[in-house]
Amino acid sequence: MSENRGTFSRDSAQQYLSHEPEMQVTALSERLWTISDGNCRTMFIEADNSIIAFDTFGTPGRARAYLKAMTATVPGKDVKTIIYSHDHLDHCGFAADLAPRAEIIADDICARVIKLRQAEGQLTPGRILSGNKNDMQIDGVEFTLLNPGPTHGSGNISAWFVKEKILFSSDTILANARYGFMPDYHIANFVKFMRSFLELEWETFVPGRFALSDRAGFKKGCDFIEAVQLETQNAFAEFVPIWAFEPMQAYISNKLSKKFADLDGFEEHIGQTAIRVVHHYLMGGWGLEDTPEAAVMLADTVDL
Ligand SMILES: [Zn+2]
């Protein structure tokens, strides 16, 4: 059997692509659920006559396991809407295996990147959103999709459920230090944009990975990234060899362990996080997407 391959080119990836993990579903309210494959996490909604799914998980096997878990939780209803939280394949790569006829909603920049990428299994969105805030009404359900500016990936949108007091924001803030790789975080304005969510009323935070959290966990996650940004700048002043893992790990651990060593994963990930963030200051960011006006990226070059 040949699976949709995303961007893999080797047949050896098939085993990884077809694996269907056990999914954990947790109810958040009468209509809202969160689901995890043990690493990535997302949400789905029971609408009046259908299911609204955020994301797809990161392989065809995971997309199938997601679909089975949703239809077991909400029997008799089909997934008719998929909302992409951002463009990355590990979260949104396999709508073709989840619900190929569903309407796909995504941010404008996310849609342009997906169109250019042409990854196998990643369907292009049919409904494109723009702006910072979109109030949605889909099949009897109301919620708000937010894009405060470039935070992670391309066209990252978060969801705010006012009545349930829930915020969902994929691959951004975590209440731990377990995501040190951070290849596609837009550091320049990341914490400022994420902190803007604290002006909204919500109590439960649903991240794109690992465990659920709350406002205190979200705030500490913001403080942590901000502290890494501060101390990686100090590393220049103290002439730490910023391109080498061990000296950076030692320097940042020493500076931050007092305040943040209690964060799960701190010891194993802080060196990697520091290497990533310090290069933001060395180079100025990855490109246009790390500027405050990310909308200029691709705006005139890719038609939807
Ligand atoms: Zn991502």
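Since the model is a prediction, treat every value here as computed from it, not as a measurement.

Peer 1: Residue-level account of the overall build of the protein chain, with values.
Peer 2: Assigned secondary structure in the protein chain consists of nine helices and 13 strands. Radius of gyration (C-alpha) of the protein chain: 19 Å, near the 19 Å computed for a compact globule of 304 residues. When burial is assessed residue by residue, the protein chain has 44% of its 304 residues classed as buried. Long-range contacts, defined as pairs at least 24 residues apart, comprise 65% of the intrachain contacts of the protein chain with a sequence gap of at least 6.

Peer 1: Mind laying out unusual backbone geometry, listing which residues take part and the relevant values?
Peer 2: Among all residues save glycine, negative phi is the norm, and among peptide bonds the norm is trans. Unlike most non-glycine residues, aspartate 171 shows phi in positive territory, near 50°. By secondary structure assignment, the location of aspartate 171 is in the loop between β11 (166-169) and α6 (190-195). Although it is not a glycine, phenylalanine 210 adopts a positive phi angle of roughly 60°. Tracing the sequence through the fold places phenylalanine 210 in the loop between β12 (204-207) and β13 (213-214). Residue class for phenylalanine 210 comes out partly exposed when judged on the 18 C-beta atoms lying within 10 Å of it.

Peer 1: Lay out the sheet that holds strand β1 (residues 24-27) in plain terms, naming residues and giving numbers.
Peer 2: The sheet built from seven strands is open, its strands ordered β1-β2-β3-β4-β5-β6-β7 with mixed pairing. On the outer flanks of this sheet lie β1 and β7 (127-129), each paired with one strand and no other. Sheet twist, expressed as the mean angle between neighbouring strand axes with direction ignored, is 20°. As paired elements, strand β5 (residues 79-83) and strand β6 (residues 103-107) share three bridges and run parallel to each other. Within β6, the position partnered with isoleucine 83 by the bridge is isoleucine 105.

Peer 1: So what's going on with the nonpolar core? Which residues, and what values?
Peer 2: Membership of the largest hydrophobic core comes to 77 residues, with the highest contact counts inside it found for Phe44, Ala53, Val79, Ile82 and Leu98. Both domains that meet at this core, namely domain 1 (11-171) and domain 2 (226-290), each give it at least three residues. The residues touching phenylalanine 44, leaving out its near neighbours within four places in the chain, are Trp33, Ile35, Ile51, Ile52, Ala53, Phe54 and Met70.

Peer 1: Explain helix α8 (residues 245-260) to me, and be specific about the residues and the numbers.
Peer 2: Between the first and last C-alpha of α8 there are merely 19 Å, a value that for 16 residues lags more than 12% behind the 22 Å anticipated at 1.5 Å per step. The largest bend in α8 is about 40°, located at asparagine 254. Within α8, burial applies to Met248, Tyr251, Ile252, Lys255 and Leu256. Lining the buried residues of α8 we find α7 (215-237) and α9 (266-283).

The rules we used
- Sequence order sets the numbering: in each chain, residues are counted from 1 along the sequence as written.
- Predicted model: local features are reported for residues with pLDDT of at least 70 only, side-chain atom pairs are reported and counted for 80 or more only, and whole-chain, interface and lining totals are derived from all residues.
- Numbering of helices and strands runs from the N terminus, with a helix taken as a DSSP run of H or I at least four residues long and a strand as a DSSP run of E at least two residues long.
- Note that the radius of gyration is over C-alpha atoms, with the globule rule given as 2.2 Å times the number of residues to the power 0.38.
- Counting other C-beta atoms within 10 Å of a residue's C-beta gives its exposure: the residue is buried at 20 or more, exposed at 12 or fewer, and partly exposed in between, where C-beta atoms are placed from the backbone.
- What counts as a contact here is a pair of residues whose C-beta atoms, placed from the backbone, lie within 7 Å.
- Only strands joined by at least two bridges in the DSSP assignment are considered to pair.
- Helix axes are fitted only over the stretch in contact, all axes being lines through C-alpha atoms; the angle between N-to-C directions runs from 0 to 180 degrees.
- Connectivity within a nonpolar core runs through C-beta atoms within 7 Å, and the core itself is a set of buried Ala, Val, Leu, Ile, Met, Phe, Trp, Tyr and Cys residues.
- The domain boundaries here were taken from an automatic or database domain assignment.
- The span expected for a helix works out to 1.5 Å for each residue beyond the first.
- The angle between axes fitted to the seven residues ending at a residue and the seven residues starting there is what we call the bend at that residue.

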